[in-house]
Amino acid sequence: MSLYTSFAVVGAGPTIGGRIVKALVERGASVVAVVRPSSTSIASPLLEGAKIATADYTDVESVTSILREHNVEVLISAVAYGALSSQSTFADAAKEAGVKLFVPSEFGMPTEGGKGGHLVIKSQFADYLKSSGIPSLRIYNGMFMEFIPKFVGVDMGKFLVLGKGDTSFSTTALDDAAGFTAHILTSLPPTKLHDATFRIEGERTSFNKVGALYAPKNIVVEHVTSLPEGFAKATLLQGLFEQGRGSSGWDNYADKDVPENACSGNAAWAGHQWKSVKEVLGL
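Described below are features of the structure shown in this document. Quick caveat, the model's predicted, so the values are computed rather than measured.

Quick notes on the rules
- Residues numbered from 1 in each chain as written.
- Predicted model: local features only at pLDDT ≥ 70, side-chain atom pairs only at ≥ 80, totals over all residues.
- Heavy atoms only, no water.
- Phe/Tyr/Trp six-rings, centres within 6.5 Å; stacked < 30°, edge-to-face > 60°.
- Helix = DSSP H or I, 4+ residues; strand = E, 2+ residues; numbered from the N terminus.
- Buried < 20%, exposed > 50% of the residue type's maximum accessible area, 1.4 Å probe, protein only.
- Salt bridge = Lys/Arg side-chain N within 4 Å of Asp/Glu carboxyl O.
- Pairing = 2+ DSSP bridges.
- Axes fitted to C-alpha atoms, helices over the stretch in contact; angles between N-to-C directions.
- Parallel < 35°, antiparallel > 145°, perpendicular 65-115°, else oblique.
- Left-handed = near helix turned anticlockwise from the far one by under 90°.
- Contact = heavy atoms within 4.5 Å.
- Nonpolar A, V, L, I, M, F, W, Y, C, P; charged D, E, K, R; others polar.
- Polar contact = N/O pair within 3.5 Å; in protein donor to acceptor, adjacent residues only side chain to side chain.

## Quick look at the packing of aromatic side chains
Item 1. Taken as a whole and judged by the stated rule, the model has 12 aromatic pairs.
Item 2. With a centroid separation of 5.4 Å and an interplanar angle of 65 degrees, the aromatic rings of Phe102 and Phe125 are classed as edge-to-face. Linking Phe102 in strand 5 (residues 101–103) with Phe125 in helix 4 (residues 117–131), this pair joins segments that are 23 residues apart in sequence.
Item 3. Centre to centre, the rings of Phe159 and Tyr214 are 5.6 Å apart; their planes meet at 45 degrees, and the pair counts as tilted. Taken together, the positions of Phe159 in strand 8 (residues 159–162) and Tyr214 in the loop between helix 8 (207–213) and strand 12 (221–224) put the pair 55 residues apart, joining distant regions of the chain.
Item 4. Since its relative accessible area comes to 0%, Phe159 is described here as buried.
Item 5. Linked through ring pairs, Phe180, Phe198, Trp269 and Trp274 together constitute an aromatic cluster.

Here it is in structure tokens:
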């Protein structure tokens, strides 16, 4: 069976989406970035070499037309939390256009069997894809390394940690997550991708361990019972991570971490040197 060569990426912003576009283009793939008409990502250097198409993310007919025009085989969604509901539009368009594989916006904590918040939203969408007869591929990478500073208050000269801070979680650099996605989509046969889940991990660490890296900058770990106003998302995530749910190996059905599963997908990118937290954060 031949490999996939034609891709569309929705949510091709400056974080994971745009980087996936770049990684696919570097591998010689045909890529169309589907962005909203008002998006500033159109001029992003991450999208160089890709075709650009604009569409209303609620317009099934418009998205379908783009997918057909570019003979898209694989649709990758990298939309942010606030746009997760628009994925149903992409799914409907993918089905109409004959897309062969859908990669939903996961790229974080495991969601299969999730019972709350965004975990439920993503899990329900996976069920929607299945009911629509569209094969899917899910990728879990834990927290993006680049996001750690904003969740602990580094820009305020602090490293704020809820709880003990010694529970391990998975972290992966944005470029590594994007590169892995592009690698498996262009090198593995469809039979290895359809309805598959890949769990990856660039480095397994804890908030205390990352905090220690900031010591030379005179930023020390401060254990707190609450985070400042404006840290609602950080409060939620730090609480989940304290429970161990930040691991790519977390099993929502068994309600426990399976550490050996956290990097089980890494083997699919043989020989790759995964970036460390220290390297990515310049510490």
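## A short note on the pattern of salt bridges
Item 1. Counting across every chain of the model gives 8 salt bridges.
Item 2. The shortest N-O distance in the salt bridge between Asp175 and Arg19 comes to 2.9 Å. Of the two residues, Asp175 sits in helix 6 (residues 174–187) while Arg19 sits in helix 1 (residues 16–26), which places them 156 residues apart along the sequence.
Item 3. With a closest N to O distance of 3.3 Å, Arg138 and Glu106 form a salt bridge. In this pair, Arg138 is assigned in strand 6 (residues 137–140) and Glu106 in the loop between strand 5 and helix 4, connecting sequence segments 32 residues apart. For the pair shown, Arg138 and Glu106 are each scored as buried.
Item 4. One network of salt bridges, in which partners are shared, links Arg19, Asp175 and Lys275.

## Details of the sheet that holds strand 9 (residues 169–172)
Item 1. The sheet built from 3 strands is open, its strands ordered 7-9-11 with mixed pairing. Whereas interior strands pair on both sides, the edge strands pair on one side only; in this sheet they are strand 7 (143–144) and strand 11 (203–205).

## Some remarks on the pairing of strand 6
Item 1. Of the two faces of strand 6, the one lined by Leu137 and Ile139 and the one lined by Arg138 and Tyr140 are each fully buried.
Item 2. In this sheet, strand 10 (residues 196–199) lies alongside strand 6 in parallel orientation, the contact comprising 4 bridges. Bridging across to strand 10, Tyr140 finds its partner in Arg199.

## Focus on the packing of helix 3 (residues 87–97) against helix 4
Item 1. Direction vectors running N to C along helix 3 and helix 4 enclose 15 degrees, while the axes themselves pass 11 Å from each other. Between helix 3 and helix 4, the angle falls in the class roughly parallel. With respect to the hand of their crossing, helix 3 and helix 4 are arranged in right-handed fashion. Counted together, Gln87, Ser88, Ala91 and Asp92 of helix 3 and Phe125, Tyr128 and Leu129 of helix 4 form the full contact between these two elements.
Item 2. For the contact of helix 3 with helix 4, the residue count by class is 4 nonpolar, 2 polar and 1 charged.

## Let's talk about the environment of Lys22
Item 1. Relative to the assigned elements, Lys22 resides in helix 1.
Item 2. With relative accessibility at 36%, the residue Lys22 sits in the partly exposed group.
Item 3. Counting along the chain gives 53 residues from Lys22 to Leu75, while the straight-line C-alpha distance between them is 15 Å.
Item 4. In terms of polar contacts, Lys22 uses its side chain to reach the side chain of Glu26, at 2.6 Å.

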